[in-house]
Amino acid sequence: MDRRLTPFSGRIAHISLQGQIAAESFTAGQLRQITLPLVDLLSAPNGARDRQLWQGEGFTVIDQRDGHAFGFAQKDGYCGWLPIAALGDSAPTHWLAAPASHLYPEPRVQAREITSLPMGAKLQVLGQTGSFAQTPQGFIPACHLLPLGQYLPDPVAVAESLLGSPYLWGGNSRAGIDCSGLVQLALVACGLPSAPDADLQQSLGQPLTEDAALQRGDLLFWKGHVAMVVDAARLIHANGHTMSVAYEDTAACIARILAAEGKPVSHRRRITLRRE
């Protein structure tokens, strides 16, 4: 079983695994929410970062030890460990649809910010003062928010809003993001489901033949890498070549990766966009 998608801590497992594995006990878990702006999802307590979760995201807790909780992210089922201190309870009503934003102690742009928030963060809006939405954590520009259930229209435009963001293995925000994190963020922001890692994203949408004309939003995969088609000539990806989110000529990118790493394009997929 793939540990990334198997809700089993090595001791306690989710009830969905009953009859499939041997565990000390099984549980339905407890749904909590992320209360920090951004938190690393780890392979083990104090272990390596696999991915990152945003404030307000749901996380089902299955086990706890060494100050960490094991469970899975509500949006994609990704399993891992994170600090118990990063969890709480909230009732979000809106999500951050801008590339990033800030929380302020008062509804005033001149106020010193409390913290920054990444795209995708979920917040509970209590009311509005002028151009600011009030949340339990502070004030945020209302124009940066959308109600839960409302989405952006174009995944490529979402990815383009993160141009120049630094590359970060396992990153999921403008502060640092990797190839699959960029694709997942772009798709989720448009109300489209997405697996978290490139190898898992290879089953998204529908397959394209090698000679099919590429169109905006198509996904190109190499072993361990994914990029999104912008237009007939370009793609956008978070990549280790520029260590950033960047445009690249599609043909040149394919040739570069083949020459440098011996990796051809392995999958071509077309995503069906949401229609209101």
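Relevant structure appears above.
Conventions and cut-offs
Residues numbered from 1 in each chain as written. Predicted model: local features only at pLDDT ≥ 70, side-chain atom pairs only at ≥ 80, totals over all residues. Heavy atoms only, no water. 1 Å grid on protein atoms, 1.4 Å probe; cavity = no way out; pocket = protein on both sides within 12 Å on 5 of 7 lines; lining within 4 Å. Points joined across faces, edges and corners; volume = space filled by probe spheres on them. Helix = DSSP H or I, 4+ residues; strand = E, 2+ residues; numbered from the N terminus. Nonpolar A, V, L, I, M, F, W, Y, C, P; charged D, E, K, R; others polar. Buried < 20%, exposed > 50% of the residue type's maximum accessible area, 1.4 Å probe, protein only. Expected span 1.5 Å × (residues − 1). Arc of directions from axis to C-beta. Contact = heavy atoms within 4.5 Å. Polar contact = N/O pair within 3.5 Å; in protein donor to acceptor, adjacent residues only side chain to side chain.

Draft legend 1. View of the layout of surface pockets. When its volume is computed, the largest pocket comes out at roughly 490 Å³. Looking at the largest pocket, it is lined by 25 residues, and the ones nearest its centre are Y167, W169, C179, G224 and H225. Those elements that provide at least two residues to the lining of the largest pocket are β5 (49–54), α2 (179–188), α3 (198–201), β23 (234–239) and α4 (250–261). Classifying every residue of the lining of the largest pocket by side-chain character gives 8 nonpolar, 7 polar and 10 charged.

Draft legend 2. Here's a closer look at empty space enclosed by the protein. A full pass over the atoms with the stated rule returns 1 cavity of 30 Å³ or more. Residue lining of the largest cavity: L41, R51, Q52, L53, K75, D76, Y78, N172 and Q184, and that is the complete set. The biggest single contributor to the lining of the largest cavity is β5, with 3 residues.

Draft legend 3. Fine view of unusual backbone geometry. Look at N46: it is not a glycine, yet its phi comes out positive at around 60°. Topologically, N46 is positioned in the loop between β4 (38–42) and β5. In this structure, M243 takes a positive phi of about 55° despite not being glycine. As for its position among the elements, M243 is in the loop between β23 and β24 (244–249). The exposure class assigned to M243 is partly exposed, which follows from its relative accessible area of 46%.

Draft legend 4. Quick look at α4. Here α4 contains 12 residues, and its C-alpha end-to-end distance of 16 Å stays within 8% of the 16 Å for a straight helix at 1.5 Å per residue. Taken residue by residue, α4 has T250, C253 and I257 as its buried positions. Seen end-on, α4 carries its buried residues on one side only, within an arc spanning 60°. Across α4 from its buried face, at more than 90 degrees, point the exposed residues A251 and A259. Where α4 is buried, its residues contact β21 (219–222), β22 (225–229), β23 and β24. Among the residues of α4, the N-terminal cap falls to D249, whose side-chain oxygen and the backbone nitrogen of A251 are separated by 3.2 Å. Just beyond α4, the residue with positive phi is G262, at close to 70°.

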